[in-house]
Amino acid sequence: MNKRGLFFFLSILALTSFATGPVTAQTRPAKQDAAAPDKPFAEHFIALQLSDSDPKKERLVLSVASNLLKAYGPDKVAVEVVTFGPGVDLLRDTNEHRALVDSLVTQGVRFSVCGNTLDTIERDTGKRPAINPHAVEVQVGVGHLLDLTERGFTIVRP
């Protein structure tokens, strides 16, 4: 190929590259796909940690979850509240915030309760606490937070 042909070829190549721009996929990382399979359009992944039994702290966590849904829309954000230690009180069947928890569940918020904490309460009191049926028991609350982090969630402790 002579100089003129080479120049012509490189000019066409440069123009087509400039016109089309780089080709990039607009998909979520595979870890995030696994993080919230029930939220296929989620762009934001937040896990709210609750390890306190203070009703004000419980209300704050629920308020943050609600505000995230309002800010991003329930389809664009995956929110999971992870409770362990004294924080499991939020998910007791008789908790004063039960109606709000149930409402958030209908909007797609997940609630996890630490199985180790429930085992400890049962061992100490002789009775396993009645937990909100919407809550999902995980073996280790803190370990679940670690798993969520590895799958693309940001951990927030309000």
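Residues numbered from 1 in each chain as written. Predicted model: local features only at pLDDT ≥ 70, side-chain atom pairs only at ≥ 80, totals over all residues. Heavy atoms only, no water.

A word on the overall build of the chain
Inference 1: A tally of regular secondary structure across the chain gives six helices and five strands.
Inference 2: Each helix and strand of the chain, ordered N terminal to C terminal, gives the series α-α-β-α-β-α-β-α-β-α-β.
Inference 3: Buried residues in the chain amount to 37% of all 158 residues.
Inference 4: Looking at the chain alone, contacts between residues at least 24 apart form 75% of all its contacts between residues at least 6 apart.
Inference 5: As presented, the chain carries roughly 9500 Å² of accessible surface, and 59% of it is formed by carbon and sulfur atoms. (Helix = DSSP H or I, 4+ residues; strand = E, 2+ residues; numbered from the N terminus. Buried < 20%, exposed > 50% of the residue type's maximum accessible area, 1.4 Å probe, protein only. Contact = heavy atoms within 4.5 Å. Areas by Shrake-Rupley, 256 points an atom, 1.4 Å probe, with all protein chains shown as cover.)

What to know about the nonpolar core
Inference 1: By size, the foremost hydrophobic cluster in this structure holds 23 residues, and its most contacted members are L90, L91 and F111.
Inference 2: Those elements giving two or more residues to this core turn out to be β1 (44-50), α3 (55-72), β2 (77-83), α4 (98-106), β3 (110-114) and α5 (115-125).
Inference 3: Broken down by element, the residue count for this core peaks at five residues, all from α3.
Inference 4: Beyond its immediate stretch of four places on either side in the chain, F111 contacts L62, V81, L90, L91, V101, L104, V105, H134, A135 and V136.
Inference 5: Counting residues in hydrophobic clusters, the runner-up holds eleven residues, among them A36, A42, L145 and F153. (Core = buried A, V, L, I, M, F, W, Y, C linked by side-chain atoms within 4.5 Å.)

Focus on empty space enclosed by the protein
Leftover empty space is mapped by rolling, across the atoms, a probe with the size of a water molecule.
Inference 1: Across all of its chains, the model carries one cavity of 30 Å³ or more by this definition.
Inference 2: Empty space within the largest cavity amounts to approximately 50 Å³.
Inference 3: When the residues that make up the lining of the largest cavity are grouped by side-chain class, the tally is four nonpolar, one polar and four charged. (1 Å grid on protein atoms, 1.4 Å probe; cavity = no way out; pocket = protein on both sides within 12 Å on 5 of 7 lines; lining within 4 Å. Points joined across faces, edges and corners; volume = space filled by probe spheres on them. Nonpolar A, V, L, I, M, F, W, Y, C, P; charged D, E, K, R; others polar.)

Describing the confidence of the model for the chain
Inference 1: Overall, the predicted model of the chain reaches an average pLDDT of 86, with 78% of residues at or above 70.
Inference 2: Contacts from residues 12-32, a stretch scored under 50 in pLDDT, to residues over four places away or in other chains number eleven contacts. (pLDDT = per-residue confidence, 0-100.)

Quick word on the packing of α3 against α4
When two helices pack together, you describe them by how their axes are tilted relative to each other and by the distance separating the axes.
Inference 1: The N-to-C vectors of α3 and α4 enclose an angle of 25°; their axes lie 11 Å apart at closest approach. Looking at the two axes, α3 sits roughly parallel to α4. Both α3 and α4 take part in a crossing whose hand is left-handed. Touching R59, L62, A65, S66 and L69 of α3 are L100, V101 and L104, all from α4.
Inference 2: Residue composition of the contact of α3 with α4, by class: six nonpolar, one polar and one charged. (Axes fitted to C-alpha atoms, helices over the stretch in contact; angles between N-to-C directions. Parallel < 35°, antiparallel > 145°, perpendicular 65-115°, else oblique. Left-handed = near helix turned anticlockwise from the far one by under 90°.)

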